[in-house]
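Below are the chains, spelled out letter by letter.
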Amino acid sequence: MENSSNKASTMNVRRLSVPLTIAIFLLAWQAAVLIFRLPAFILPTPIQVADRFVRALSDGSLLRHTAATLAEILSGLTAGILFAAVLGYFLSRSTLLENILQPFLVASQAVPTVAIAPLFVIWFGPGIFSKILICALIVFFPVLVNIIVGLRAVPANLRDLMRSMQADRWQTLRLLELPTALPVLLGGLRIGATLSVIGAVVGELVGANRGLGFLINVGRGQYDTALVFVGVFTLVALALSLYGIVLFLEKHLLRWQEE
Amino acid sequence: MPSNSSIRLNHISMTYDDQNGYLPVLEDIHTAIHPQEFLCVLGPSGCGKTTLLRVLAGLDKATGGNAIFPGKDSPHVGLVFQESNLMPWRTVLDNILLPLEIIGVDAQEARRQALDLVDLVGLQDFTEVWPASLSGGMAQRVAIARALIQDPDLLLLDEPFRSLDALTREQMGAELLRVWRARRKTVVMVTHSISEALLLADRVLVLTQRPARICLDLIVDLPRPRISDTRYSAHFQVLAKRLRAAIS
Ligand SMILES: Nc1ncnc2c1ncn2[C@@H]1O[C@H](COP(=O)(O)OP(=O)(O)O)[C@@H](O)[C@H]1O
Ligand SMILES: [Mg+2]
């Protein structure tokens, strides 16, 4: 009895702790602005940010820019994952190919994508395409590494089993290799999803005519700091949602791992 | 004795060739496996028993000789390993269905056959369970059902009960006999246990140290059904003595 009521109260604390922390944070923020008499272009109050948020929402600009960034992220994620999956499949099968490509892959990991984002904008223009490329590149490496690790983890006995059942290559991939690699692959996706938000925004900050990074730049240029905050918070929400979607996928697709 | 419907092992030899050089493992394995025969293979560790099963399963190609299946170029074999080797992301029923999914059998028909096997091996209450929650013995039942579902020409078992405790092991032996009788399969089973071999098999092959040759081909003429008391019979003791002598 005591135990269960204890449990219930911890549950309640947990459920309340997040909104409570946010409320305290907002209050402290509002108080700081009032106490130190900070001008709005240095630090707007939460109320001013909320007001700006409503305005950006009602004139349609926030949705438009969010949609642009989301499109870049999703296209980049998809392209990066597909490319990494195909290359990873062949790399996991051929040590020769892996030995040849290994140094390039390691080198490409060492290049800070953020630093070469300007190059992509120079080469491919300020439109959506350069951002998709940046996202794809930033997602590519973690997913590639995880795919190779995942595919290599296929137990030899299960391979033999598939062979004894005369499974063809496609069946082996679909029924054995992909399911084996799935947990590690989703782990890569979880990292990749967060990284791709960074990729898209960096690209937009360097040069773009829409997207949340662009919106932040506009806010900065016009000393509309509240708008900068709106942009940042929207990005946080976007990253959290993507992360949540991957977590949901993991929970759903890896049901068999729960015990 | 070898009839047209026997599986003939025709002077099979096998030499592994890797970076450590040549390793002769099987040498002139020559015998016939009769239809519906239960054959046990005994031999010291590392002598080549698994290799022999791999050759029979078509997973490795013999470097000399071959296995000839009556009237078939690519026979169906059912494989059961020491570990159950189930796919952890498939439920028990879906694991059993895997071979039929690969062949492309109609889903409803496949399900009917799988449920028959589920009954046969006593897994009725476990069809929708993940393999992770099965005991070792239960998992091997699933593996046996999976090996049987494509109605194989030959059922190959490689020390299938090795990781089970003694009691479960004995139970599983009896279950396997029941399944073998119900499905009338030809079985080759590798085991380490002399008494297991004598309780299950029609015939026992004893292999020598590597490279393995057949050093004893023993017909087990103990009456069936064999019960656990069979092992106290005088004839059982005689056969056991002969096997033990051949192994050492
Ligand atoms: N793929 C392989 N390459 C090289 N040597 C192997 C390979 N597989 C097994 N061997 C060797 O062949 C011998 C027989 O192995 P195995 O058939 O597994 O023995 P058993 O099953 O009787 O214990 C062992 O010495 C083992 O190390
Ligand atoms: Mg072995």
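1. Structural notes on the packing of aromatic side chains
Residue and element names in this part refer to chain A. A complete count under the given rule lists 13 aromatic pairs over all chains for this structure. Ring geometry for Y89 and F90: centres 5.5 Å apart, planes at 70 degrees, overall edge-to-face. For Y89, a relative accessible area of 14% gives the class buried. Centre to centre, the rings of F120 and W123 are 6.2 Å apart; their planes meet at 40 degrees, and the pair counts as tilted. With a gap of three residues between them, F120 and W123 both fall in helix 5 (residues 113–124), about one helical turn apart.

2. Description of the pairing of strand 2 (residues 21–33) of chain B
Residue and element names in this part refer to chain B. Relative to strand 2, strand 1 (residues 7–18) runs antiparallel, the two sharing nine bridges. In the strand pairing of strand 2, I12 is matched with I29. As consecutive antiparallel partners, strand 1 and strand 2 are separated by two residues.

3. Quick look at the site of ligand 1
All names here are of chain B. Around ligand 1, the surrounding shell consists of Y16, D18, L23, V25, S45, G46, C47, G48, K49, T50, T51 and R210. The backbone of K49 places a nitrogen or oxygen atom 2.8 Å from an oxygen atom of ligand 1. Burial of ligand 1 by the protein chains amounts to 65% of its free accessible area of 570 Å². For the shell around ligand 1, the element with the most residues is helix 1 (residues 49–57), which contributes three residues. Looking at the shell around ligand 1 residue by residue, the classes come out as four nonpolar, five polar and three charged.

4. So, the interface of chain B and chain A
With 24 residues of chain B at the contact, the number on the chain A side is 19 residues. For the pair chain B and chain A, the two sides together bury roughly 2,000 Å², of which 63% comes from carbon and sulfur. Of all residues in chain B, the largest losses of buried area upon contact with chain A belong to W89, I102 and W130 of chain B, amounting jointly to 33% of the total for that side. For the pair chain B and chain A, the interface holds one salt bridge. Across the pair R54 of chain B and D160 of chain A runs a salt bridge, and its minimum N-O distance is 2.6 Å. In this assembly, chain B and chain A are joined by four residue pairs in polar contact (both at pLDDT 80 or more).

5. Quick notes on the pattern of salt bridges
Residues and elements named next belong to chain B. Taken as a whole and judged by the stated rule, the model has 21 salt bridges over all chains. Here R112 and D116 are joined by a salt bridge, their closest N and O atoms 3.6 Å apart. One end of the pair is R112 and the other is D116, both in helix 3 (residues 107–120) and four residues apart, which spans about a single turn. A relative accessible area of 37% places D116 in the partly exposed class.

6. Re the environment of F53 of chain A
All names here are of chain A. As for its position among the elements, F53 is in helix 2 (residues 46–58). Looking at F53, the relative accessible area reads 34%, which means it is partly exposed. Expressed as a C-alpha distance, the spacing of F53 and F233, which sit 180 residues apart in the sequence, is 9.7 Å. Those residues in contact with F53, other than ones at most four positions away along the chain, are L62 and V230.

7. Looking at the domain arrangement of chain A
Residues and elements named next belong to chain A. The domain boundaries assigned to chain A delineate domain 1 (1–37) and domain 2 (41–258). Computed from C-alpha atoms alone, the centre-to-centre distance between domain 1 and domain 2 is 32 Å. Listed as interface residues are four residues of domain 1 and, on the opposing side, eight residues of domain 2. For the pair domain 1 and domain 2, the summed buried area comes to about 540 Å², and 79% of that belongs to carbon and sulfur atoms. It is W29, Q30 and V33 that lose the most area in domain 1 upon contact with domain 2, and together they represent 87% of the buried surface on that side. Run the count over domain 1 and domain 2 and you get zero salt bridges. At the surface where domain 1 touches domain 2, the tally comes to one residue pair in polar contact (both at pLDDT 80 or more).

8. Focus on the sheet that holds strand 4 (residues 64–68) of chain B
Residue and element names in this part refer to chain B. Taken together, the three strands give an open sheet; going across it, the order is 2-1-4, and neighbouring strands pair in antiparallel fashion. Two strands in the sheet have a free side with no partner beyond their single neighbour: strand 2 and strand 4. Adjacent strand axes in the sheet meet at a mean angle of 25 degrees when their direction is disregarded. Inspection of the sheet shows strand 1 paired to strand 4 by four bridges, in the antiparallel sense. Each residue of the ladder has a partner; that of S13, found in strand 4, is G64.

9. Regarding the sheet that holds strand 7 (residues 187–190) of chain B
Residues and elements named next belong to chain B. Spatially, six strands are ordered 5-6-7-3-8-9 in an open sheet, and the strand pairing comes out mixed. Taken across any chain shown, the strands that pair with only one partner, and hence form the sheet edges, are strand 5 (77–80) and strand 9 (214–219). Within the sheet, the average angular offset between the axes of one strand and its neighbour, ignoring direction, is 15 degrees. Here four bridges tie strand 3 (residues 38–42) to strand 7, and the two strands are oriented parallel to one another. The residue bridging L39 from the neighbouring strand is V188, located in strand 7. The sheet strands contacting helix 1 are strand 3, strand 5, strand 6 (154–158), strand 7 and strand 8 (203–207), and the helix crosses strand 6 at an angle near 155 degrees. Its contacts with the sheet put helix 5 (residues 166–183) on strand 3, strand 6 and strand 7, and the angle it makes with strand 3 is roughly 140 degrees.

Cut-offs used in this document
Residues numbered from 1 in each chain as written. Chains lettered and ligands numbered in written order. Predicted model: local features only at pLDDT ≥ 70, side-chain atom pairs only at ≥ 80, totals over all residues. Heavy atoms only, no water. Phe/Tyr/Trp six-rings, centres within 6.5 Å; stacked < 30°, edge-to-face > 60°. Buried < 20%, exposed > 50% of the residue type's maximum accessible area, 1.4 Å probe, protein only. Helix = DSSP H or I, 4+ residues; strand = E, 2+ residues; numbered from the N terminus. Pairing = 2+ DSSP bridges. Near = heavy atom within 4 Å. Polar contact = N/O pair within 3.5 Å; in protein donor to acceptor, adjacent residues only side chain to side chain. Areas by Shrake-Rupley, 256 points an atom, 1.4 Å probe, with all protein chains shown as cover. Nonpolar A, V, L, I, M, F, W, Y, C, P; charged D, E, K, R; others polar. Contact = heavy atoms within 4.5 Å. Buried area = accessible area lost by both parts, 1.4 Å probe. Salt bridge = Lys/Arg side-chain N within 4 Å of Asp/Glu carboxyl O. Domains from an automatic or database assignment. Axes fitted to C-alpha atoms, helices over the stretch in contact; angles between N-to-C directions.

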